[in-house]
Amino acid sequence: MTEQLKQAMSDLSEEEVLELVKDALAADTDPMEILADLRDGMADVGKRYESQEYYVSDLIMAGEMFKQASALVSEKFGSSGGETRGKIVIGTVAGDIHDIGKDIVVSLLKANNFEVVNLGVDVPPEKFVDAVKDSGATIVALSGLLTISFDSMKETIEALAAAGLRDGVKVLVGGGPVTEQVCEFVGADAVGADAQAAVALAEKWI
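Residues numbered from 1 in each chain as written. Predicted model: local features only at pLDDT ≥ 70, side-chain atom pairs only at ≥ 80, totals over all residues. Heavy atoms only, no water.

Visitor: Can you walk me through helix H6 (residues 125-135) in this structure?
Guide: Each full turn of the α-helix corresponds to 3.6 residues, which orients residues three or four apart in the same direction. Along H6, the residues that are buried comprise Pro125, Phe128, Val129, Ala131, Val132 and Ser135. Around the axis of H6, the buried residues are gathered within 165° of arc, so they sit on the same side. Residues of H6 that are exposed and angled more than 90 degrees away from the buried face: Lys133 and Asp134. Those residues of H6 that are buried are in contact with strand E1 (86-92), strand E2 (114-118), strand E3 (139-143) and helix H7 (149-162). Positioned one or two residues after H6, Gly136 has a phi angle of 75°, which is positive. (Buried < 20%, exposed > 50% of the residue type's maximum accessible area, 1.4 Å probe, protein only. Helix = DSSP H or I, 4+ residues; strand = E, 2+ residues; numbered from the N terminus. Arc of directions from axis to C-beta. Contact = heavy atoms within 4.5 Å.)

Visitor: Quick question: what am I supposed to make of the packing of aromatic side chains here?
Guide: Each pair of aromatic rings is reported with the distance of its centres and the angle of its planes. Evaluated as defined, the whole model comprises 0 aromatic pairs. A cation over a ring is seen here: Lys154 above Phe185, with NZ or CZ 5.0 Å from the ring centre. (Phe/Tyr/Trp six-rings, centres within 6.5 Å; stacked < 30°, edge-to-face > 60°. Lys NZ or Arg CZ within 6 Å of the ring centre and 35° of its normal.)

Visitor: Just checking my understanding: could you explain the layout of surface pockets for this structure?
Guide: A probe matching the size of a water molecule, rolled over the atoms, marks out where space remains unfilled. Approximately 1,300 Å³ is the volume found for the largest pocket. Taken together, 43 residues line the largest pocket, and the ones lying closest to its centre are His98, Ile100, Gly101, Leu145 and Gly176. Counting residues per element, the ones that place at least two in the lining of the largest pocket are helix H3 (31-50), helix H4 (56-77), helix H5 (100-111), E3, strand E4 (170-174) and helix H9 (195-205). When the residues that make up the lining of the largest pocket are grouped by side-chain class, the tally is 25 nonpolar, 11 polar and 7 charged. (1 Å grid on protein atoms, 1.4 Å probe; cavity = no way out; pocket = protein on both sides within 12 Å on 5 of 7 lines; lining within 4 Å. Points joined across faces, edges and corners; volume = space filled by probe spheres on them. Nonpolar A, V, L, I, M, F, W, Y, C, P; charged D, E, K, R; others polar.)

Visitor: Sorry, what's going on with empty space enclosed by the protein here?
Guide: One pass over the structure, following the stated rule, counts 1 cavity of 30 Å³ or more. A volume near 40 Å³ is recorded for the largest cavity. Lining the largest cavity, in full, are Ile88, Val105, Leu109, Ile139, Ala141, Leu172, Ala198 and Ala202. Looking at the lining of the largest cavity, the elements that each hand over two or more residues are H5, E3 and H9. Considering only residue class, the lining of the largest cavity consists of 8 nonpolar, no polar and no charged.

Visitor: Looking at this structure, how should I read the pairing of E1?
Guide: Sheet faces and side chains relate simply in a regular strand, where the side chains alternate between the two faces. Counting buried positions along E1 gives 6 out of 7 residues, so the element sits mostly inside the fold. As paired elements, E1 and E2 share 5 bridges and run parallel to each other. Looking across to E2, one finds that Ile90 is bridged to Asn118. With 5 bridges connecting them, E1 and E3 associate as parallel partners. Bridge assignment links Ile90 to a residue of E3, and that residue is Ala141. (Pairing = 2+ DSSP bridges.)

So, in structure tokens, the structure goes:
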């Protein structure tokens, strides 16, 4: 199943991808394993784009396929029940419109009983500030897949500080190119290497 799903994703075979995901879920396959296969397929799509086999339209199609497939997987996460563990504001920072990784994190956080304020993509600093004020969230998660998002992350954290909110929140950053060095540059508290790591950090901070 692993190679088959990865290949179908790489080949942009939409119907096959969705059917394979449904079959895997029906067989009680670990949802995180399914997501890993989908990510591997997406990585292949990126390589095929770099080699000029695929075009921008293919990247967009792959992204939509991934969204549909991950939505099916997210339904399996459900909720573990119990009281809300804490509030988290999350969004993809200004200048970046990638949301696949962010949405996976959102699904896992909700499954672990966190109340999530999902601001979407291309979110300006002031919107994060307003969301923290309105929600009383104690964790802010900033996502970005482009290197140009680093400055936006830094500006967002500076805006939280200017509003007198920085000391009351922990700031988590994540995304493909985000490293410990980037974390230090933008002034965040930690890097979430993947969705599971992000949830683990949230649990630790709460």
